Amino acid sequence: MTRREIVEAGRRYLGTRWVHQGRSRSGVDCVGLLVLVARDLGIPHQDVRNYDRRPAGGELERILAEQLIAIPHQEVGIGDVVALEDRESRQVCHVGILTDGARPFALLHAWIRMPERIQKRGVVEMRLSEDWKKRIRTAYSWPGLEP
């Protein structure tokens, strides 16, 4: 499996609507997007359900560490997964896949954001802004990834 295959698998879900704990083309959340990419590429994974929409004591980080390979932030590349923290609680609450859609990276993720000026809800690919970069807590590579 290559980095390009991971990105292409994730991009197949662009525009899919956001649904908490969704695991299909009719609706997906950020964790569900990773689950679907793993399933589509035949990557061994354990799906996790019954989680809250808010951070819960490091549970998401624990699950990611069990199924992916932690890597230093400086070594990330396209196709790698980043875990992002909530601004208020400072706990990991969101995940996405790095892509080459912007310099140096873009973020492919299932997102729900509805302030007055920005209305995005679903799987999107957007520039990895400084604000998003500051929220990255940990980074991971997929098992079996070709160098």
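Our subject is the structure listed above.
Helix and strand counts for the protein stand at four helices and eight strands. Ordered by position in the sequence, the α and β elements of the protein form the string α-β-β-α-α-β-β-β-β-β-α-β. Oriented by its inertia axes, the alpha-carbon framework of the protein measures out at about 40 × 30 × 30 Å. Within the span of the protein, comprising 147 residues, buried residues form 48% of the whole. Pairs at least 24 apart in sequence give 57% of the contacts found in the protein among residues at least 6 apart.

It is worth spelling out the packing of helix α1 (residues 3-11) against helix α2 (residues 30-41) at this point. Where α1 meets α2, the axes come as close as 9 Å, and the angle between the chain directions of the two elements is 120°. Judged on the interaxial angle alone, α2 and α1 are oblique. For the pair α1 and α2, the crossing hand works out as right-handed. Contact residues: Glu5, Ile6, Ala9 and Gly10 in α1; Leu33, Val37 and Leu41 in α2. Broken down by class, the residue content of the contact of α1 with α2 amounts to five nonpolar, one polar and one charged.

Within a pair of aromatic rings, the relevant descriptors are the distance that separates the centres and the angle that separates the planes. Under the definition given, this model contains one aromatic pair. Arranged with centres 5.6 Å apart and planes meeting at 70°, the rings of Trp111 and Trp132 form a pair that is edge-to-face. One end of the pair, Trp111, is in strand β6 (residues 106-113); the other, Trp132, is in helix α4 (residues 130-135), with 21 residues separating them in the sequence. Looking at Arg25, its charged tip hangs above the ring of Tyr13, at a distance of 4.3 Å from the centre.

For the rest of this paragraph, the subject is the pattern of salt bridges. Evaluated as defined, the whole model comprises 15 salt bridges. Ionic pairing is found between Asp100 and Arg4, a salt bridge with its closest N-O pair at 2.9 Å. Taken as a pair, Asp100 in the loop between β5 (92-99) and β6 and Arg4 in helix α1 lie far apart in primary sequence, 96 residues in all. Across the pair Asp131 and Arg87 runs a salt bridge, and its minimum N-O distance is 2.3 Å. Here the residue Asp131 occupies a position in helix α4, and Arg87 occupies one in the loop between β4 (81-85) and β5, the gap between them amounting to 44 residues. It is possible to trace a salt-bridge network through shared partners that takes in Arg4, Arg11, Asp100 and Glu125.

Take the pairing of strand β8 (residues 136-141) next. Relative to β8, strand β3 (residues 69-71) runs antiparallel, the two sharing three bridges. Paired with Ile71 across the bridge in β8 is Ala139. Looking at chain direction, β4 and β8 are connected through four bridges and run antiparallel. In the strand pairing of β8, Ala83 is matched with Thr138.

What counts and how
- Residues numbered from 1 in each chain as written.
- Predicted model: local features only at pLDDT ≥ 70, side-chain atom pairs only at ≥ 80, totals over all residues.
- Heavy atoms only, no water.
- Helix = DSSP H or I, 4+ residues; strand = E, 2+ residues; numbered from the N terminus.
- Buried < 20%, exposed > 50% of the residue type's maximum accessible area, 1.4 Å probe, protein only.
- Contact = heavy atoms within 4.5 Å.
- Axes fitted to C-alpha atoms, helices over the stretch in contact; angles between N-to-C directions.
- Parallel < 35°, antiparallel > 145°, perpendicular 65-115°, else oblique.
- Left-handed = near helix turned anticlockwise from the far one by under 90°.
- Nonpolar A, V, L, I, M, F, W, Y, C, P; charged D, E, K, R; others polar.
- Phe/Tyr/Trp six-rings, centres within 6.5 Å; stacked < 30°, edge-to-face > 60°.
- Lys NZ or Arg CZ within 6 Å of the ring centre and 35° of its normal.
- Salt bridge = Lys/Arg side-chain N within 4 Å of Asp/Glu carboxyl O.
- Pairing = 2+ DSSP bridges.

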